[in-house]
Amino acid sequence: MSQTPLLKQLIDAFTCLPGVGRKSAQRMAYHLLERNRQGGQWLSKQLAEAMEKVGHCQQCRNFTEQALCELCANPKRNQQLMCIVESPADVSAIEHSGSFSGIYFVLMGHLSPLDGIGPEDLGFDLLLKTIKQQSVSEVIIATGSTIEGEATAHYINDILRPININITRIAQGVPMGGELEYIDANTLARSIAERRAVDY
């Protein structure tokens, strides 16, 4: 099948998704055009609406359409216990484990000088402000156990140490190089429960 300019644009658009190469993008584009144009229109509508309306929580930086996400706005959450994660996917993973009832702070990434991501990109000013405003007594650092995740955890420990609060790090069960969103719920629950004091 020859590719018209619009078809090429559609295929190119799909390749912006993580893990989607040219062949996968082409397969998705052909599927929508051949068998599911209604689904394609629905996808287009939902994507446009989400891009326009989904922003960041003013307190934790998680995705939300409101000023505060539903977790930060929930009075039943333990406001004195904060878990710092790299991404909204990590929040979902920990919530699915049912092991945590506090609040979160989402970095939206990790320190990566090679990618041009420095401390100013991860919202550390807001993190410090939130910790003080919410009178947080314990921070659980739940960044991934990758090199970048460990470097980020080390940096967080350095900036929080002068505040004199309890700083812990998720422990057992998270393999070196592992990403939280891919860890099973039971393993993640155990790592939260068996968190350890930070000793960088």
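Residues numbered from 1 in each chain as written. Predicted model: local features only at pLDDT ≥ 70, side-chain atom pairs only at ≥ 80, totals over all residues. Heavy atoms only, no water.

Considering the side chain of Glu 138
Then step 1. Inspection of the secondary structure puts Glu 138 in strand E5 (residues 138-141).
Then step 2. According to the relative accessible area criterion, Glu 138 is buried, its value standing at 12%.
Then step 3. Apart from residues lying up to four places away in sequence, Glu 138 is in contact with Gln 80, Leu 81, Met 82, Asn 166, Thr 168 and Arg 195. (Helix = DSSP H or I, 4+ residues; strand = E, 2+ residues; numbered from the N terminus. Buried < 20%, exposed > 50% of the residue type's maximum accessible area, 1.4 Å probe, protein only. Contact = heavy atoms within 4.5 Å.)

A word on the packing of helix H2 (residues 22-35) against helix H3 (residues 37-53)
In helix packing, the relevant descriptors are the interaxial angle and the interaxial distance, both defined with respect to the helix axes.
Then step 1. Put simply, H2 and H3 touch, their axes get as near as 6 Å, and they point 120° apart. One finds that H2 runs oblique with respect to H3. Side by side, H2 and H3 meet where Leu 32, Leu 33 and Arg 35 of the first sit next to Arg 37, Gly 39, Gly 40 and Leu 43 of the second.
Then step 2. Residues of the contact of H2 with H3, tallied by class, amount to three nonpolar, two polar and two charged. (Axes fitted to C-alpha atoms, helices over the stretch in contact; angles between N-to-C directions. Parallel < 35°, antiparallel > 145°, perpendicular 65-115°, else oblique. Nonpolar A, V, L, I, M, F, W, Y, C, P; charged D, E, K, R; others polar.)

Structural notes on the pairing of strand E3 (residues 78-85)
Then step 1. Within E3, six of the eight residues are buried, which leaves the element mostly enclosed by the surrounding structure.
Then step 2. Relative to strand E4 (residues 102-106), E3 runs parallel, the two being bridged by five bridges. Bridging across to E4, Asn 78 finds its partner in Gly 102. (Pairing = 2+ DSSP bridges.)

Quick notes on helix H5 (residues 124-133)
Then step 1. Every buried residue of H5 is accounted for by Phe 124, Leu 127, Thr 130 and Ile 131. One face of H5 carries all of its buried residues, which in axial projection span an arc of 120°. Across from the buried face of H5, at angles greater than 90 degrees, the exposed residues are Asp 125, Lys 132 and Gln 133.
Then step 2. Summarising the contacts, the buried residues of H5 are in contact with E3, E4, E5 and helix H6 (147-160). (Arc of directions from axis to C-beta.)

Let's talk about the pattern of salt bridges
Then step 1. In this structure the tally under the stated criterion is five salt bridges.
Then step 2. Its salt-bridge partner being Arg 22, residue Asp 12 comes within 2.3 Å of it at the nearest N-O pair. Here Arg 22 lies in helix H2 and Asp 12 lies in helix H1 (residues 5-14), a separation of 10 residues in the sequence.
Then step 3. Close ionic contact of Glu 49 with Lys 53 constitutes a salt bridge, the shortest N to O distance being 3.2 Å. Residue Glu 49 and its partner Lys 53 are both found in helix H3; the two are separated by four residues, about one turn of the helix.
Then step 4. Since its relative accessible area comes to 34%, Glu 49 is described here as partly exposed. (Salt bridge = Lys/Arg side-chain N within 4 Å of Asp/Glu carboxyl O.)

None of the figures reported here should be taken as evidence of function without further support.
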